[in-house]
Amino acid sequence: MICKVGKDSFGNDYIENFKRNGISTEFVGQTEDAATGAASIIVNSEESVAFSDWQPLKESSAKAGGQNVIVIVAGANLLLDSEDLKRAANAICKAKVIICQLEITPAISLEALKMAYSNGVKTLFNPAPAHAELDPQFYTHSDIFCCNESEAEILTGIPVGSPEDAGKVGLVLLERGCKLVIVTLGAEGCVMISADGPIPKHVPAGKVRAVDTTGAGDSFVGALAFFMACYPSLSMEDMIRRSNFIASVSVQASGTQSSYPYRKDLPQDLF
C-alpha cells in the first residue's frame, strides 16, 4: 500500500487496520499538513437482487439494490508525491501487479503506473473518481483499464445502460490505446474487450440479495489483481467471473472494507 494519511485518529486507525490485515505500512506516510481522506456515503434502504452464487458456468442477471452516493474528500492522499514513489520504487518494480487510481494526484498515479509498466509489472488502472480530461498515457500504460458505468460515460460521453453500451465504450477506449478494457455493470456483471479480440464479451453475474453496493467495484478490482498475481494461468474471463462472485459477497453486507470477505470464508474452488 502506497498512500498518505493525516496525523489524526482516522490516520492511526487506517494504519492499525492495515497491520491487522497483514498489509505492509512501510510506504504509508503520515502528514500534519492535511487530514486523512474521508468519504461520506449514503445508501438507499431497499434490498433487491444482484450478482450471483459461485457457479463458474452459470449465466444470469438481475436488478441491483442497496445503491449508493459517495462524496470523497481526498485529504492527505493528494500530498503523495514523487519522493514518496522513489522511496517505494523497489517494491513497485518487483510487484507482480500494481493497482492505480485517482484518489491521489493524477500525475503521481501516472508516474507510478509508468514506473511499473516499464519494469514489466502488470498494470491495472481504475479511473476513480473519473476525470473527463484524462491524460492519454493512462490508456497506453494500462494492461487492464477497468471502469464502471458512470466513469465510462465521463470518459467517453457514452451513457451506459446495457452490456451493448459498455461494448461501445470498450471500443472507444481501445482506440485510445488500451489493451484490455473491463466495464463493470453492477448487477449485470461486466463487459470485457481486448485489442487481441475486439468483440465485446459480456460476463454476467447471477443473483444474491444486495444490501449495500458501496465498495463492490473496489472488491472486484482487488480480487482481479489477486487472481492476476496468484493464478496467472487462468483465462481473463475466468478471473473476471471469480472476481464478480467475490464482489457479490461484498454487497450482501453493510459497509465498505468491513464487507470484504476473507479467503477462508469463500468457496475453496474459487482458488
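Source: prediction; values computed, not measured. (Residues numbered from 1 in each chain as written. Predicted model: local features only at pLDDT ≥ 70, side-chain atom pairs only at ≥ 80, totals over all residues. Heavy atoms only, no water.)

### Concerning the sheet that holds strand β6 (residues 97-100)
- In spatial order, the strands read β6-β7-β8-β9-β10-β11; together these six strands make up an open sheet with mixed pairing. Strands at the two margins of the open sheet, each flanked by one partner only, are β6 and β11 (201-203). In this sheet, neighbouring strand axes are inclined to one another by 20° on average, regardless of whether the strands run parallel or antiparallel.
- Pairing geometry for strand β8 (residues 144-148) and strand β9 (residues 180-184), over four bridges, is parallel. In the strand pairing of β9, Phe145 is matched with Val181.
- In this fold helix α6 (residues 149-156) packs onto β8 and β9, with an angle of close to 105° to the strand it touches most, β8. (Pairing = 2+ DSSP bridges. Helix = DSSP H or I, 4+ residues; strand = E, 2+ residues; numbered from the N terminus. Axes fitted to C-alpha atoms, helices over the stretch in contact; angles between N-to-C directions. Contact = heavy atoms within 4.5 Å.)

### Observations concerning the packing of helix α8 (residues 216-230) against helix α9 (residues 236-250)
- Between α8 and α9, whose axes approach to 8 Å, the crossing angle comes to 140°. The angle between the axes of α8 and α9 places the two elements in the oblique class. In this structure, the crossing between α8 and α9 has a hand that is right-handed. Contact residues: Ala216, Ser219, Phe220, Ala223, Leu224, Phe227 and Met228 in α8; Met236, Met239, Ile240, Arg242, Ser243, Asn244, Ile246, Ala247 and Ser250 in α9.
- Of the residues assigned to the contact of α8 with α9, the class counts are eleven nonpolar, four polar and one charged. (Parallel < 35°, antiparallel > 145°, perpendicular 65-115°, else oblique. Left-handed = near helix turned anticlockwise from the far one by under 90°. Nonpolar A, V, L, I, M, F, W, Y, C, P; charged D, E, K, R; others polar.)

### Quick word on helix α4 (residues 106-118)
- Between the first and last C-alpha of α4 there are 18 Å, a value that for 13 residues agrees with the 18 Å anticipated at 1.5 Å per step.
- Those residues of α4 not exposed but buried are Ile108, Ser109, Leu110, Ala112, Leu113, Met115 and Ala116.
- Buried residues along α4 sit against α2 (82-87), α3 (89-94), β6, β7 (122-125) and α5 (137-140).
- Positioned one or two residues after α4, Gly120 has a phi angle of 75°, which is positive. (Expected span 1.5 Å × (residues − 1). Buried < 20%, exposed > 50% of the residue type's maximum accessible area, 1.4 Å probe, protein only.)

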